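One letter stands for each residue in the lines below.
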Amino acid sequence: MKPIISISNLTKTYASGQQALSEINLEIQRGEIFALLGPNGAGKTTLIGIICGLVTQNEGSVSVDGHDIQKEFRAARAMIGLVPQELSTAAFETVLSTLNFSRGLFGKPPNAAYIEKVLRDLSLWDKRNAMIITLSGGMKRRVLIAKALCHEPQILFLDEPTAGVDVELRRDMWQMVRQLRDSGVTIILTTHYIEEAEEMADRIGIINKGRLIVVEEKTKMMDSLGSKQLTLTLREPLSHLPDTFEPDSLALSENGHTLTYTYGTQQQDNGISELLRQLSEQKIEIKDLHSSESSLEDIFVNLVKEKA
Amino acid sequence: MNYYAIRAIYIFEMSRAWRTLMESIAAPILSTSLYFVVFGAAIGARMGEIDGIGYGAFIIPGLVMLSLLSISVSNASFGIYFPKFSGTIYEILTAPASAIEIVLGYVGAAASKSVILGLLILLTARLFVDYEIAHPVWMLAFLLLTAITFSLLGFIIGLWANDFQQLQIIPLMVITPLTFLGGAFYSIEMLPEPWQTISLFNPVVYLISGFRWSFYGISDVNVVISFGMTIFFMLSCLAVIRWIFNSGYRLRS
Ligand SMILES: Nc1ncnc2c1ncn2[C@@H]1O[C@H](COP(=O)(O)OP(=O)(O)OP(=O)(O)O)[C@@H](O)[C@H]1O
Ligand SMILES: [Mg+2]
């Protein structure tokens, strides 16, 4: 299927001389949840800004459903809803009037029933006549989401949607994002919470210092870049490692009580049976063992450190 | 054309005026009334007629213009500056709306408010001075054109300003002096040379002169020139706005 967004060779250097993006190539598939992960200042907001029309690139191009974002900005932008990173809302408007404003701005005729649905989905219906300034931060964030949704976009950008949001609301938001995806909306979100990307995303892009380092399906990324660890608790402490193993795949704890064995998740022969055989050969007795899988967080930290 | 966008911005801006009714309507009417009391009734009684018009009546068109200019500029500049300041402009910039539609919404609303206010001031003036309007259609045309032109100018100032001080500085340092020297309180012919000639470089002179002509049939400069100049200023402002949106100046980084 044709990608819904194609980005080619996108480069941005701000007037201050700060290079924010360099030669980004990326395709977003229709209907997926794509998570953009990266540390502060990586260029996530800049990338979203260019696609949505807030920032102008120096080089490269973006097309949204085949429409160039500059030459056919109307068609491109009409498809997009943006929830910005900053909580910027009109203060003295009511929730309902600000939603009607947003819908109109995007060229849609009034539709009270649809707006009601959006408000109800975001548990804002009771607050529809409240002035925005009287709402809490979490509610304001939901108002921003409602504003982005009220023109029925096919693509939704969420720039750190769960920053400063409590756990319960975060779960609600994840739920909502999944529902939107099920209804056919393509979602691109940025986040610092790796747990969030792990939980939500179909594909993940890792960006650092303006460069896309990896773009991969989440499960594949965790398979190919992830590793597993087998931790063995020994009955008797060891003074040194058995020398038959490579030192970096096997590590002995300081007190000599635990052995940690690290292996790739995709290797055919992960060497565990060989390890166990050798241990028993050398009469090293095992009291307990458990294995764990590296999280996306470990992968992320490793990647960003490596390519820095 | 994205008519819904124009309508959304227009309604948003008009409802802002409604919320701040005191500042947007009552304050200018009060201050203009003060001018009428001081210049029209108190001082005007001791002034001779100008071109056969009593001084109180003579200053009415100029006073209306004075309010119209300052209200148009402040309304339109604030209308676009504030979203920039609060960050809500992101929505305008990401909307499928062109510069023309955005300008029609913001400037249309600012100009509408100014015209309503201008008419209210004219009604108020009636309480203090008797006057007649010789060419009502032209009067409305000048009122409308001036409101649009200076709302466009205000819009430019609001786009350009990076802080509240910059927002105030042009109205204070440029527009107020130009209006006071634009013949609101006197006829240009009363000035000695070279001030008469210098005055012809002041755009406000043409606005006030043309507007006064529509009331009393007298003018400092030929009404056709006045009208032409007004249109010229309007087109200049439009050109500047077009350039701002096309280049993204102070809007898009
Ligand atoms: N308007 C601007 N003018 C100049 N430099 C900017 C501007 N906006 C962002 N930058 C710089 O560009 C780089 C990328 O910033 P960006 O906001 O895209 O990062 P980010 O990945 O969204 O970070 P965060 O996770 O903190 O939100 C940073 O070095 C930042 O300082
Ligand atoms: Mg950001």
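Residues numbered from 1 in each chain as written. Chains lettered and ligands numbered in written order. Predicted model: local features only at pLDDT ≥ 70, side-chain atom pairs only at ≥ 80, totals over all residues. Heavy atoms only, no water.

### Some words on the site of ligand 1
Residues and elements named next belong to chain A. Of all residues adjacent to ligand 1, which total 16 residues, the nearest are N40, K44, T45, T46 and Q85. N40 is positioned such that a nitrogen or oxygen atom in its side chain is 2.7 Å from an oxygen atom of ligand 1. In the model, an oxygen atom of ligand 1 is placed 2.8 Å from a nitrogen or oxygen of the Q85 side chain. Isolated, ligand 1 exposes 630 Å² of accessible area, and the fraction of that covered by the protein chains is 69%. Here the residues of the shell around ligand 1 sort into four nonpolar, 10 polar and two charged. (Near = heavy atom within 4 Å. Polar contact = N/O pair within 3.5 Å; in protein donor to acceptor, adjacent residues only side chain to side chain. Areas by Shrake-Rupley, 256 points an atom, 1.4 Å probe, with all protein chains shown as cover. Nonpolar A, V, L, I, M, F, W, Y, C, P; charged D, E, K, R; others polar.)

### Focus on the sheet that holds strand β14 (residues 286-293) of chain A
Residues and elements named next belong to chain A. Pairing is antiparallel across the open sheet formed by four strands, whose spatial order is β12-β13-β11-β14. Strands with a single pairing partner mark the edges of an open sheet, and in this sheet they are β12 (250-252) and β14. Going across the sheet, the axis of each strand differs from the next one's by a mean of 20 degrees, ignoring polarity. Note: strand β11 (residues 227-234) against β14, seven bridges, orientation antiparallel. Considered in β14, the bridge of L230 is made with S291. (Pairing = 2+ DSSP bridges. Helix = DSSP H or I, 4+ residues; strand = E, 2+ residues; numbered from the N terminus. Axes fitted to C-alpha atoms, helices over the stretch in contact; angles between N-to-C directions.)

### Thoughts on the domain arrangement of chain A
A common way to express how large an interface is: the accessible area buried when the components associate. Assigned domains of chain A: these are domain 1 (5-222) and domain 2 (226-295). In this structure, domain 1 of chain A and domain 2 of chain A have C-alpha centres spaced 44 Å apart. (Domains from an automatic or database assignment.)

### Concerning the coordination of the magnesium ion (ligand 2)
Residue and element names in this part refer to chain A. Ligation of the magnesium ion (ligand 2) by protein atoms is provided by T45 (OG1) and Q85 (OE1), these donors lying 1.9 to 2.2 Å from the ion. Remark: Q85 occurs in the loop between β6 (80-83) and α3 (95-105) and T45 occurs in helix α1 (residues 44-52); sequence separation between them is 40 residues. Exposure remark for Q85: the relative accessible area of 30% places this residue in the partly exposed category. (Donors = N, O, S within 2.8 Å, 3.2 Å for Na, K, Ca; no water. Buried < 20%, exposed > 50% of the residue type's maximum accessible area, 1.4 Å probe, protein only.)

### Examining the interface of chain B and chain A
Opposite the 24 residues of chain B that make contact, chain A presents 29 residues. Taking both sides of the interface into account, the surface hidden between chain B and chain A amounts to around 2400 Å²; carbon and sulfur atoms contribute 61%. One salt bridge in this structure joins B:E91 and A:K147, with 3.0 Å as the shortest N-O distance. At the surface where chain B touches chain A, the tally comes to 11 residue pairs in polar contact (both at pLDDT 80 or more). With eight residues, the single largest contributor to the side of chain B that touches chain A is helix α1 (residues 3-19) of chain B. Class assignment for the residues of the side of chain B that touches chain A results in 11 nonpolar, eight polar and five charged. (Contact = heavy atoms within 4.5 Å. Buried area = accessible area lost by both parts, 1.4 Å probe. Salt bridge = Lys/Arg side-chain N within 4 Å of Asp/Glu carboxyl O.)

### Here we look at the environment of B:N162
Residues and elements named next belong to chain B. Along the chain, the position of N162 falls in the loop between α6 (136-160) and α7 (164-180). Spatially, the C-alpha atoms of N162 and A26 are 29 Å apart, while their sequence positions differ by 136 residues. Excluding residues that lie within four positions of it along the chain, N162 makes contacts with Y81, K84 and R250.

### Quick look at the layout of surface pockets
Residues and elements named next belong to chain B. Considering only enclosed or pocket space, the largest pocket measures out at about 710 Å³ in volume. For the largest pocket, the lining is made up of 29 residues, of which S70, I71, V73, S74 and N75 are closest to its centre. Looking at the lining of the largest pocket, the elements with two or more residues in it are α1, α2 (21-43), α3 (55-86) and α7. The dominant element in the lining of the largest pocket, judged by the number of residues it contributes, is α3, at 10 residues. The residue makeup of the lining of the largest pocket, split by class, is 14 nonpolar, 12 polar and three charged. (1 Å grid on protein atoms, 1.4 Å probe; cavity = no way out; pocket = protein on both sides within 12 Å on 5 of 7 lines; lining within 4 Å. Points joined across faces, edges and corners; volume = space filled by probe spheres on them.)

### Focus on the packing of helix α9 (residues 203-216) of chain B against helix α10 (residues 223-247) of chain B
All names here are of chain B. Remark: α9 packs on α10, axes separated minimally by 8 Å, with the N-to-C direction vectors making an angle of 130 degrees. Overall, the two elements α9 and α10 adopt an arrangement that is oblique. As α9 packs across α10, the resulting crossing turns out to be left-handed. Of α10, the residues touching α9 (which contributes P203, Y206, L207, S209, G210 and W213) are V223, I225, S226, M229, T230 and F233. Classifying every residue of the contact of α9 with α10 by side-chain character gives eight nonpolar, four polar and no charged. (Parallel < 35°, antiparallel > 145°, perpendicular 65-115°, else oblique. Left-handed = near helix turned anticlockwise from the far one by under 90°.)

### Quick word on the environment of A:F101
Note that A:F101 resides in helix α3. The buried category is assigned to A:F101, whose relative accessible area is 10%. Each residue touching A:F101, except ones within four places of it in the same chain, is listed here: A:K147, B:A8, B:I9, B:F12, B:E91 and B:I92.

### Let's talk about empty space enclosed by the protein
According to the stated counting rule, one finds four cavities of 30 Å³ or more in the structure shown. The volume enclosed by the largest cavity comes to roughly 120 Å³. If you go around the largest cavity, you meet 13 residues; those closest to its centre are A:A90, A:F101, B:F12, B:T88 and B:E91. At the level of elements, α3 of chain A together with α4 (89-94) of chain B are the ones that each hand at least two residues to the lining of the largest cavity. Here the lining of the largest cavity gets three residues from one element, more than from any other, and that element is α4(B). Its residues assigned to classes, the lining of the largest cavity shows seven nonpolar, four polar and two charged.

### What about a nonpolar patch on the surface?
Residues and elements named next belong to chain B. A cluster of nonpolar side chains, contributed by V37, V38, I43, M47, L127 and F128, occupies part of the molecular surface with about 530 Å² of accessible area. Listed by contribution, the elements that provide at least two residues to the nonpolar patch are α2 and α5 (99-128). Tallying contributions element by element places α2 first for the nonpolar patch, with three residues. Considering the arrangement of structural elements, one finds L127 in helix α5. (Patch = residues over 30% accessible without salt bridge, like charges linked within 9 Å, V, L, I, M, F, W, Y side chains within 5 Å.)

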